[in-house]
Amino acid sequence: VKFDISHNGFNYTIPLNGDSGFYDKEAQTETVLKNLQYFDLGYNLLTGTIPNNIGNFASLQGLFLENNRLVGTIPKVLYRGSGIGANPLPLVQLFLQGNMLSGTLPSGLAQLPNLKELYVDGNKLTGTIAPAICKKGLNEVFVNDEAEHDLCDNVVCPANSISFEGVAPCTRCEEDGSDFRRYLGQRDKECRPKLSEVEILDLFFDHMHGEEWLDQRYFWEAGSPACQRPGIECSDSGKVTAIRLPSLGLRGPLISELGFLSELHSLDLSDNFITGFVPSEFRFVDKLIDFDIKGNELQGGIPVLLCITEGINSNGVGPKGTKFDLLYSCDNIACARGTYSDFGHAIVPTEEDADGTQCVPCYDDEAQFFIGRDSCTDISIGMLQFRQDDIRHVAVYTTLALFTSAFIIHLVIMARRKKKYVLSENEDSSSQHQDPFPLQRQDSPLSVEDEEYEEYSDDDWTAADSETGTLTKKEGRDTAIELTDILPAIA
């Protein structure tokens with residue numbers, strides 16, 4: 001069984017969770033693809049980490065995740081499997097090159113019994129290659145180098161060396177303290193010298209389109225002293241300690257070389273239009289304390305090793321008894337996609353048993369795509385949150401329903417009035433053929449006792465009072481009789 005969606009523009013996380021099509025909700029695992037042998041997601045724009053759920057693919061022989069934007073470390077489930085008593089995956093091919101993976105190359109990969117091809121170059125892996133991996137004789141099919149060299153170079157070039165493809169043949173560079181060459185499998189044509197702080201700031205200015213910044217007072221002349229540039233603060237020794245450039249219209253990707261400013265303790269790039277991803281190189285800045293990237297257009301996730309770096313935004317610093325997931329959290333660096341806080345990141349509690357400030361869910365479009373959001377256009381009512389778009393739609397539908405209901409009620413009222421008017425006309429038409437004020441005839445029997453009423457002739461009466469409904473005697477008589485009293489008798 002093969003699943004191949006490579007060479008597309010997919011730009012979300014790897015879809016291995018409880019909502020994916022791979023997940024069997026009854027079995028609570030990815031048994032839908034239990035027999036999957038090849039899983040190819042290479043050459044996309046996928047972000048996030050490599051999910052541990054891959055360990056459930058017990059028959060997986062080929063895993064191809066190359067040339068994406070994946071961060072984090074290489075998961076142990078690849079060589080341990082998933083679950084108690086699980087065996088290593090039967091991987092033959094493992095392609096992870098061209099991502100932003102960090103950490104070290106796990107020695108446990110040597111435990112994969114069937115592994116023939118392993119590519120991890122072009123990432124941000126540090127450390128050395130375990131001898132057990134080198135002895136497996138990996139990548140012999142693709143490494144066409146007849147010259148004798150360390151077998152480890154067939155897997156990935158060591159730190160402080162370069163290669164066009166990140167694997168053998170590798171060229172060793174001179175030791176000059178270059179921070180950039182600390183990674184395994186660096187792809188380059190030449191050994192580049194270590195950058196000075198001035199060169200790093202010049203590179204940053206170019207990538208951030210400095211000539212278009214909103215305040216021209218912040219224009220940096222190329223090669224000018226770092227400490228004389230607006231927005232830059234330095235120590236007494238002339239080292240850059242702070243970069244403060246909020247709300248200046250910076251745009252472009254955040255360069256990784258900023259992580260090589262060894263004395264940097266404060267970085268404020270908030271409320272700009274910075275794109276790309278948060279470089280994992282910031283973990284190398286031991287003195288970094290304030291890190292503010294809220295209100296930008298940064299994507300992906302926070303590198304895992306940065307999430308466990310102590311000190312950044314008080315990450316890992318809190319009172320005794322603080323929950324571990326609050327103390328060390330990627331949210332302390334920047335709120336993840338789909339969440340927000342007023343600060344763009346969570347704040348570690350300052351008191352025992354306190355919750356601090358957490359990133360909470362937000363479903364507006366910007367929060368769904370970008371990290372470090374400090375606002376949300378959704379509306380919160382109590383503990384519930386509603387999307388503004390949904391509320392707008394509900395308001396429109398409710399308004400239409402009210403107008404429709406009002407129109408129907410209006411039609412009903414009009415229909416009733418018309419019916420009443422027709423009935424009234426019919427009554428008027430009938431009354432034209434009847435005497436509206438019938439007089440009591442002398443020869444008509446009364447249903448009341450004779451002693452109560454005297455008999456009168458028609459000539460003794462005047463017309464009935466239209467308002468009182470009484471018949472009045474002509475002059476000379478002194479008795480008034482209610483019309484309502486005699487009508488039944490007349491009838």
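The rules we used
Residues numbered from 1 in each chain as written. Predicted model: local features only at pLDDT ≥ 70, side-chain atom pairs only at ≥ 80, totals over all residues. Heavy atoms only, no water. Helix = DSSP H or I, 4+ residues; strand = E, 2+ residues; numbered from the N terminus. Buried < 20%, exposed > 50% of the residue type's maximum accessible area, 1.4 Å probe, protein only. Contact = heavy atoms within 4.5 Å. Areas by Shrake-Rupley, 256 points an atom, 1.4 Å probe, with all protein chains shown as cover. Disulfide = S-S within 2.5 Å. pLDDT = per-residue confidence, 0-100. Pairing = 2+ DSSP bridges. Axes fitted to C-alpha atoms, helices over the stretch in contact; angles between N-to-C directions. Salt bridge = Lys/Arg side-chain N within 4 Å of Asp/Glu carboxyl O.

A.B. asks: Even after reading the chapter, I still don't get the overall build of the chain, so can you show me in this structure?
C.D. replies: Tallying secondary structure elements over the chain gives nine helices and 21 strands in all. Per-residue burial for the chain yields a buried fraction of 42% across its 491 residues. Taking the intrachain contacts of the chain between residues at least 6 apart in sequence as the baseline, contacts between residues at least 24 apart amount to 51%. Just so you have it, the chain exposes about 27,400 Å², and 52% of that area is on carbon and sulfur atoms.

A.B. asks: Explanation requested: the state of the cysteines in the structure shown.
C.D. replies: Every disulfide links exactly two cysteines, by a covalent bond between their sulfur atoms. Under the defined criterion, the tally for this structure stands at seven disulfides. Here C134 engages in a disulfide with C152; their sulfurs sit 1.7 Å apart. Where C134 bonds to C152 through sulfur, the torsion about that S-S bond is close to 105°, and the disulfide is right-handed. Here C134 is found in helix α2 (residues 131-134), whereas its partner C152 is found in helix α3 (residues 152-155), with 18 residues between them in sequence. Assigned by exposure class, C134 and C152 land together as buried.

A.B. asks: Could you clarify how one ought to interpret the confidence of the model for the chain in this entry?
C.D. replies: Note that predicted coordinates carrying low pLDDT should not be read in detail. Overall, the predicted model of the chain reaches an average pLDDT of 82, with 76% of residues at or above 70. For residues 439-456, every residue scores under 50 in pLDDT, and the model assigns this stretch 21 contacts once sequence neighbours within four places are set aside.

A.B. asks: Hey, could you run me through the side chain of T126 in this one?
C.D. replies: Considering the arrangement of structural elements, one finds T126 in strand β7 (residues 124-126). Beyond its immediate stretch of four places on either side in the chain, T126 contacts G103, T104, L105, R182, Y183, L184, R283 and F284.

A.B. asks: Would you explain the sheet that holds strand β11 (residues 240-244) in this entry?
C.D. replies: In any sheet, the strands associate via hydrogen bonds between backbone groups, in a parallel or an antiparallel arrangement. Pairing within the open sheet is mixed, and its four strands lie in the order β10-β11-β13-β15. Of all the strands in the sheet, the pair left with one neighbour each is β10 (232-234) and β15 (290-292). On average, each strand axis in the sheet is tilted by 15° relative to the strand beside it, whichever way the strands run. Pairing of β11 with strand β13 (residues 266-268) involves three bridges; the strand directions are parallel. Residue pairing for β13: I243 is matched across the bridge by L267.

A.B. asks: Would you mind going over unusual backbone geometry with me for this structure?
C.D. replies: A negative phi angle is the norm for most residues apart from glycine, just as the trans form is the norm for most peptide bonds. In this structure, the amide linkage connecting A168 to the following residue, P169, adopts the cis form with an omega of 5°. The phi torsion at H7 lies on the positive side, around 60°, for a residue other than glycine. Positionally, H7 belongs in the loop between β1 (2-4) and β2 (38-40). On the basis of relative accessibility, which here comes to 57%, the residue H7 falls in the exposed class. The backbone phi angle of Y43 is positive, close to 55°, even though this residue is not glycine. By the element assignment, Y43 lies in the loop between β2 and β3 (62-64). A relative accessible area of 40% means that Y43 is categorised as partly exposed.

A.B. asks: Sorry if this is basic, but what is going on with the pattern of salt bridges here?
C.D. replies: Working definition: two side chains of opposite charge can pair if their charged atoms are close together. Under the criterion given, the structure shown has 12 salt bridges. Between R217 and D215 there is a salt bridge, with the nearest N and O atoms lying 2.7 Å from each other. Of the charged contacts in the structure, one is a salt bridge between E233 and R244, with a shortest N-O distance of 2.8 Å. Note that E233 is positioned in strand β10 and R244 in strand β11, a separation of 11 residues in sequence. With relative accessibility at 33%, the residue R244 sits in the partly exposed group. Through salt bridges with shared partners, a single ionic network connects D188, E190 and R192.

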